[in-house]
Amino acid sequence: MADAVDSDMIDDDRALTIEANEVIREIAYAVKFVEISTSIPATTNLVYINLTTKENQHMCVELSLQGFRVVAMEYDKINPEYISRHYETIYSLLDSRSAEYRSTFCETLSNKLLNLQRFGHIEAAETNFIDDDTSDDQMDTK
């Protein structure tokens, strides 16, 4: 029983890092660059993600239990004077900051739906941003 509790604690300690890695996998197709910061150490409560939008906008995004928020407009920085709201999902954050993200998302979704209509299925390799879990919004519509 103690091993199960220890294993759960390890998983809890790494939960945000695991989520950050999943986020990176899911949005990589719609941004120019994305990675977990190697300069700002991850903690149990905070992970930092460097990303560049298709518009070449660099940012450092904080992932916490409160959600995602931009903390600086350059990699590996936390600017305490930079004020940014929290977003529940990375998709909402990108939707609000990158027109090219919205365009890429819509185009990719449209192509996948056309393939589904034509062929009756979506190739597994093409489903990197559409999960079976539909509880989280993939994109806020305008």
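The model shown is predicted, which means the values in this text are computed figures rather than measured ones. (Residues numbered from 1 in each chain as written. Predicted model: local features only at pLDDT ≥ 70, side-chain atom pairs only at ≥ 80, totals over all residues. Heavy atoms only, no water.)

**Regarding helix α2 (residues 90–97)**
- Burial analysis of α2 places six of its eight residues in the buried class, which makes it a mostly covered element.
- What α2 keeps buried is the set Ile-90, Tyr-91, Ser-92, Leu-93, Leu-94 and Asp-95. (Buried < 20%, exposed > 50% of the residue type's maximum accessible area, 1.4 Å probe, protein only. Helix = DSSP H or I, 4+ residues; strand = E, 2+ residues; numbered from the N terminus.)

**Quick look at the sheet that holds strand β3 (residues 58–64)**
- What the four strands build is an open sheet, ordered β1-β2-β3-β4; its pairing is antiparallel. With one partner strand each, in any of the chains shown, β1 (33–36) and β4 (67–72) form the two edges of the open sheet. Ignoring strand direction, the axes of neighbouring strands in this sheet form an average angle of 25°.
- With six bridges connecting them, strand β2 (residues 47–52) and β3 associate as antiparallel partners. When the sheet's bridge partners are listed, Leu-51 is paired in β3 with Met-59.
- Packed on one face of the sheet, α2 meets β2, β3 and β4 and runs near 45° to β4. (Pairing = 2+ DSSP bridges. Axes fitted to C-alpha atoms, helices over the stretch in contact; angles between N-to-C directions. Contact = heavy atoms within 4.5 Å.)

**Some remarks on the packing of α2 against helix α3 (residues 99–119)**
- Put simply, α2 and α3 touch, their axes get as near as 5 Å, and they point 120° apart. In terms of orientation, α2 lies oblique with respect to α3. Residues Tyr-91, Leu-94, Asp-95, Ser-96 and Arg-97 of α2 lie in contact with α3, whose contacting residues are Ala-99, Tyr-101 and Arg-102. (Parallel < 35°, antiparallel > 145°, perpendicular 65-115°, else oblique.)

**Some remarks on the nonpolar core**
- In this structure, Val-61 and Ile-90 are the most contacted members of the largest nonpolar core, which totals 24 residues.
- Looking at this core, the elements with two or more residues in it are α1 (2–27), β1, β2, β3, β4, α2 and α3.
- Considering every element that reaches this core, the biggest residue donor is α1, with five residues.
- Among residues more than four places away in sequence, those in contact with Val-61 are Val-47, Tyr-48, Ile-49, Leu-51, Phe-68, Arg-69, Val-70, Ile-90 and Leu-93.
- In terms of nonpolar packing, the next biggest core, distinct from the first, is built from five residues, Ile-40, Tyr-48, Cys-60 and Ala-72 among them. (Core = buried A, V, L, I, M, F, W, Y, C linked by side-chain atoms within 4.5 Å.)

**Looking at the pattern of salt bridges**
- Across all of its chains, the model carries four salt bridges by this definition.
- A salt bridge links Arg-25 to Glu-22; its shortest N-O distance comes to 2.4 Å. Taken together, the residues Arg-25 and Glu-22, both in helix α1 and three residues apart, mark about one turn of the helix.
- On the basis of relative accessible area, Glu-22 is assigned to the partly exposed category, the value being 34%. (Salt bridge = Lys/Arg side-chain N within 4 Å of Asp/Glu carboxyl O.)

**Overview of the packing of aromatic side chains**
- Following the criterion strictly, the structure yields two aromatic pairs and no others.
- On the numbers, 5.4 Å between centres and 35° between planes, the contact of Phe-33 with Tyr-75 is tilted. Of this pair, Phe-33 sits in strand β1 while Tyr-75 sits in the loop between β4 and α2, placing them 42 residues apart in sequence.
- A centroid spacing of 6.1 Å and a plane angle of 35° characterise the contact between Tyr-101 and Phe-105, whose relative ring orientation is tilted. (Phe/Tyr/Trp six-rings, centres within 6.5 Å; stacked < 30°, edge-to-face > 60°.)

**A word on α3**
- Here α3 contains 21 residues, and its C-alpha end-to-end distance of 30 Å stays within 8% of the 30 Å for a straight helix at 1.5 Å per residue.
- Those residues of α3 that fall on the buried side of the exposure criterion are Tyr-101, Thr-104, Phe-105, Thr-108 and Lys-112. The buried side chains of α3 occupy one side of the element, clustering within an arc of 100° when seen end-on. Facing away from the buried side of α3 by over 90 degrees, the exposed positions are Glu-107, Gln-117 and Arg-118.
- Contacts made by the buried residues of α3 are with α2.
- At the exit of α3 stands Gly-120, carrying a positive phi of roughly 80°. (Expected span 1.5 Å × (residues − 1). Arc of directions from axis to C-beta.)

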